[in-house]
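Secondary and tertiary structure notes
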Amino acid sequence: MSLLSSLSLKFCKKNLELHSQTVYDALRERYPNEKIEIVDCVGTEFCSTCADVPFALRNNALVGGRTARDLFYKLERGMVFLEKLPESKKAE
């Protein structure tokens, strides 16, 4: 079963250009078989956030960081948490 099969992770194209490209690259390298999307716009409710801080949407919830490194660690902790779930919980 895929680690992130129940996880939706999306990066805004503009935010990648401004702040989070290194985060995206690091996650793609560490999780090459997982679907991590780049979208033109993650939604108008996040428009101002796009230019301000590194962020991604995890299951349609904004995860932001003060820096790209901070964002990476927040997203990585969520992925490590999923790896530690018992098999019965991963299937839900």
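Everything below is about the structure shown above.
Read on for a plain summary of the structure. Small disclaimer: the values here were computed from a predicted structure and weren't measured. (Residues numbered from 1 in each chain as written. Predicted model: local features only at pLDDT ≥ 70, side-chain atom pairs only at ≥ 80, totals over all residues. Heavy atoms only, no water.)

This part covers the sheet that holds strand 3 (residues 55–58). Across a sheet, paired strands are connected by hydrogen bonds in the backbone, their directions being either parallel or antiparallel. Sheet architecture is open: four strands sit in the order 2-1-3-4, paired in mixed fashion. In this open sheet, the two edge strands, each paired with only one partner strand, are strand 2 (36–39) and strand 4 (61–64). Geometrically, the sheet is characterised by an average inter-axis angle of 30° between neighbouring strands, direction not taken into account. When strand 3 meets strand 4, the two strands line up antiparallel, connected through four bridges. What sits directly across from Leu 57, in strand 4, is Leu 62. Lying over the sheet, helix 1 (residues 13–30) contacts strand 1 (9–12), strand 2 and strand 3, oriented at roughly 140° with respect to strand 1. (Pairing = 2+ DSSP bridges. Helix = DSSP H or I, 4+ residues; strand = E, 2+ residues; numbered from the N terminus. Axes fitted to C-alpha atoms, helices over the stretch in contact; angles between N-to-C directions. Contact = heavy atoms within 4.5 Å.)

Time to look at the nonpolar core. Nonpolar side chains in soluble globular proteins tend to end up buried together. With 15 residues, the main nonpolar core has Leu 9, Phe 11, Val 23, Leu 27, Ile 36, Leu 71 and Leu 75 as its most contacted residues. Among the secondary structure elements, those contributing two or more residues to this core are strand 1, helix 1 and helix 3 (68–84). With five residues, the top contributor of residues to this core is helix 3. Not counting residues within four places of it along the chain, the set of residues in contact with Leu 9 comprises Leu 27, Lys 35, Ile 36, Glu 37, Ala 56, Leu 57, Arg 58, Leu 75 and Met 79. (Core = buried A, V, L, I, M, F, W, Y, C linked by side-chain atoms within 4.5 Å. Buried < 20%, exposed > 50% of the residue type's maximum accessible area, 1.4 Å probe, protein only.)

Applying the stated criterion to the full structure yields two salt bridges. Here Arg 30 ties to Glu 76 by a salt bridge, and the two come within 2.8 Å at their closest N and O atoms. With Arg 30 in helix 1 and Glu 76 in helix 3, this residue pair connects regions lying 46 residues apart in the sequence. By relative accessible area, which is 12% here, Glu 76 ends up buried. Residues Lys 74 and Asp 70 are paired through a salt bridge, measuring 3.8 Å at the closest nitrogen-oxygen approach. Of this pair, Lys 74 and Asp 70 both sit in helix 3, four residues apart, which is roughly one turn of that helix. The buried category is assigned to Asp 70, whose relative accessible area is 16%. (Salt bridge = Lys/Arg side-chain N within 4 Å of Asp/Glu carboxyl O.)

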